[in-house]
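Chain by chain, the residues run as shown.
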Amino acid sequence: MSNDIKSDELLNKIDFSPKYDKGSGNWMDTTKSVQIRPGMYCYAAKAESVEMLGLPNARPWNPLEEDWKLPDNWQEIIFNGLKERLEKFRTFKVFMDICVRCGACADKCHFFLGTGDPKNMPVLRAELLRSVYRNDFSTAAKILSKIPGGKKLAGARPMTMSVLKEWWYYFFQCTECRRCSVFCPYGIDTAEITMMAREIFNLLGLNIDWIATPVSNCYQTGNHLGIQPHAFKDMLEFFVEDIEDVTGVNCTPQFQKKGADILFITPSGDVFADPGTYTCQGYLILFQYLKEKYGLDITWSTYASEGGNFGSFTSHETMKRLNAKMYAEARRLGVKWILGGECGHMWRVINQYMDTMNGPADFLEVPKSPITGTIFENAASTKMVHITEFTADLIKHGKLELDKSRNANRIMTFHDSCNTSRGMGLLDEPRYIIENVCDNFYEMPPNTIREQTFCCGSGSGLNAGENMELRMAGALPRANAVKYVHEKFGVNTLGTICAIDRAALTTLCEYWVPDVEVYGIHELVGNALILPGEKERDEDLRFEPLPGKEEK
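Treat the numbers as computed from the prediction; the structure is a model and nothing was measured.

To continue, consider the sheet that holds strand β6 (residues 411–414). The strand order β7-β6-β8-β9 describes an open sheet built from 4 strands, whose pairing is parallel. In this open sheet, the two edge strands, each paired with only one partner strand, are β7 (440–441) and β9 (517–520). Contacting β6, β8 (493–496) and β9, helix α24 (residues 521–528) runs over the sheet at an angle of about 75° to β9.

Laid out in structure tokens, this is it:
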């Protein structure tokens, strides 16, 4: 009887795929295990926010419901969206083809380490998309599928509603931190794959509210929080009052001043979210010092009141549009160059995408410090300097009068923000500042900092309250490193130069390492800087006693 079975039929019956449980079938048939549940997902984007962004299919929907209210031709939309991006972005096409599933990235993702979910391995998260790519686009997979037994070897699967929901669930469990790319022997950037997946979601109106609404706000008011210009100005004036209480010096900033030397732009989180508000006060103190001592003319803008770029979590076109407003304001005001505050995604967009999206900014000068004479060659095209580069240069040339003793109670460690470290290479400048304004600084373990830094677990628009279980799971690797230096060296302060990090790490520390506080670097600078004409200081910017001033 066996002689009646052809060899081709026998080969086609062989299943080469590993089993993760009995009777499961192909290893990629994992959609039944997807459980979108509270604590692990963000709420759907509001219809009005989707409409404001000009995205299709704006409607109320709920990820927990069976019907996601998609257009009838949603599969065709995904096919065309994938096709367009494969043709437009060479890296995306390359990343789809060259992965050999070696697993070098598997244990590098904070979400895999925190959740233990195999589909949070970068290789497998990307495989969720690659399997559909192989089904619809891969020439090699199509050839392989014609060979006896090759269809299962190809690892291809058609796009179904279950597959789409699996995509959505896991591509919003990626913070685009790019730690996995550091360890990939082929240099695959899984963050780029996540960005493509999210662009495709947008074609169906499948976004999350913590991304869509901030971007919508930015379109309307110039910042993610939807703050009107007068409220932005009022908030800075509140800071001026607090600073004057602490220092006795009025640090009122300028707004929309045409012909100023420098336009300063920072994320709106620094203006409206603790502990970033204290970092913002540090900026104001620094700028007042430079104005009094050296006559430096810096202006703020209530139009370009947002340096952050949630467009980088939405689409390339949205990213480009949000980045453009900063340069439009710099042109309108006629400044020489732009100084940017402590932010993450703002700087990845500037450093990696600005030139091809909006630049080069030929109408601005190559940034040169009018105080030290330093030319920031790294900003020759973008015309933007990170404030830690600027401040570190001032300290290096002895231009700031600092009293480190005011931060003597701060036993520091430093969290390298993913976008400024891996995305920008800004590694030494913030550490140099810390060492010049604080007495005690200890590094976390080498494989958790600098280029290999762990993510805060809440980036790329996942910094919401409703997905707290996911955030705290993703924060576990960073928390372990903080706990290590806390227990070994008595570290009580975690410094960082990212607005999302300042918010996210505060929650992380409250949950995992409650004896550690989070500070922006320029809050420490503001405490240590000796302002011309200041009174004797008894308190820091948080109105807490300075070391040695407790009784007073």
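Right, let's get into the domain arrangement of the chain. The domains assigned to the chain are domain 1 (2–17 + 28–207) and domain 2 (215–528). Taken over C-alpha atoms, the centre of domain 1 sits 34 Å from the centre of domain 2. Across the boundary between the two partners, domain 1 contributes 36 residues, which contact 38 residues of domain 2. Overall, the association of domain 1 and domain 2 removes approximately 3,000 Å² of surface from exposure, summing both partners, and the carbon and sulfur fraction of that is 60%. Contact with domain 2 buries surface across domain 1, with L53, R178 and R179 losing the most and accounting together for 18% of the total. Seen at the junction of domain 1 and domain 2, the total is 2 salt bridges. Across the salt bridge formed by R37 and E469, the nearest N and O atoms sit 2.9 Å from each other. The tally of links between domain 1 and domain 2 comes to 14 residue pairs in polar contact (both at pLDDT 80 or more). Broken down by secondary-structure element, the contributors of at least two residues to the side of domain 1 that touches domain 2 are α2 (47–52), α5 (110–115), α10 (179–183) and α11 (190–203). Per-class residue counts for the side of domain 1 that touches domain 2 are 18 nonpolar, 9 polar and 9 charged.

Pairs can form between side chains of opposite charge whenever their charged atoms are close. Tallied over the entire structure, the rule returns 33 salt bridges. Between R101 and E127 there is a salt bridge, with the nearest N and O atoms lying 3.9 Å from each other. Here E127 lies in helix α6 (residues 122–136) and R101 lies in the loop between α4 (90–98) and α5, a separation of 26 residues in the sequence. A salt bridge links K257 to D297, with the nearest nitrogen and oxygen atoms 2.8 Å apart.

Here we take up the packing of aromatic side chains. Counting across every chain of the model gives 19 aromatic pairs. Judged by centre distance (4.8 Å) and plane angle (20°), the ring pair of F79 and F137 falls under stacked. Here F79 is found in helix α3 (residues 74–88), whereas its partner F137 is found in the loop between α6 and α7 (139–145), with 58 residues between them in sequence. Considering the side-chain rings of F172 and F201, the 5.8 Å spacing of their centres and the 25° angle between planes classify their relative orientation as stacked. Taken together, the residues span a long stretch of sequence, with F172 in the loop between α9 (161–171) and α10 and F201 in helix α11 at a distance of 29 residues. You can call F201 buried: its relative accessible area is 0%. These aromatic residues form a ring-pair network of at least three members: Y41, Y43, W61, W68, W168, F172 and F201. The ring of F454 is capped by R179, whose NZ or CZ atom sits 3.8 Å from the centre of that ring.

For the rest of this paragraph, the subject is the state of the cysteines. Scanning all chains against the criterion turns up 0 disulfides. Distance from the sulfur of C180, which forms no disulfide, to the nearest cysteine sulfur (C105) is 5.9 Å. Given the relative accessible area of 10%, C180 is considered buried. In this model C343 remains outside any disulfide bridge; the closest cysteine sulfur is found in C498, 5.7 Å from its own. A relative accessible area of 2% places C343 in the buried class.

Turning next to the nonpolar core. One finds W167 and W168 to be the most contacted residues of the largest nonpolar core, which totals 85 residues. With 7 residues, the top contributor of residues to this core is α9. Taken domain by domain, this core gets at least three of its residues from each of domain 1 (2–17 + 28–207) and domain 2 (215–528). The next biggest cluster of nonpolar side chains, apart from the first, holds 71 residues, and it includes L236, A304, M424 and C438.

What counts, and at which threshold
- Residues numbered from 1 in each chain as written.
- Predicted model: local features only at pLDDT ≥ 70, side-chain atom pairs only at ≥ 80, totals over all residues.
- Heavy atoms only, no water.
- Pairing = 2+ DSSP bridges.
- Helix = DSSP H or I, 4+ residues; strand = E, 2+ residues; numbered from the N terminus.
- Contact = heavy atoms within 4.5 Å.
- Axes fitted to C-alpha atoms, helices over the stretch in contact; angles between N-to-C directions.
- Domains from an automatic or database assignment.
- Buried area = accessible area lost by both parts, 1.4 Å probe.
- Salt bridge = Lys/Arg side-chain N within 4 Å of Asp/Glu carboxyl O.
- Polar contact = N/O pair within 3.5 Å; in protein donor to acceptor, adjacent residues only side chain to side chain.
- Nonpolar A, V, L, I, M, F, W, Y, C, P; charged D, E, K, R; others polar.
- Phe/Tyr/Trp six-rings, centres within 6.5 Å; stacked < 30°, edge-to-face > 60°.
- Buried < 20%, exposed > 50% of the residue type's maximum accessible area, 1.4 Å probe, protein only.
- Lys NZ or Arg CZ within 6 Å of the ring centre and 35° of its normal.
- Disulfide = S-S within 2.5 Å.
- Core = buried A, V, L, I, M, F, W, Y, C linked by side-chain atoms within 4.5 Å.

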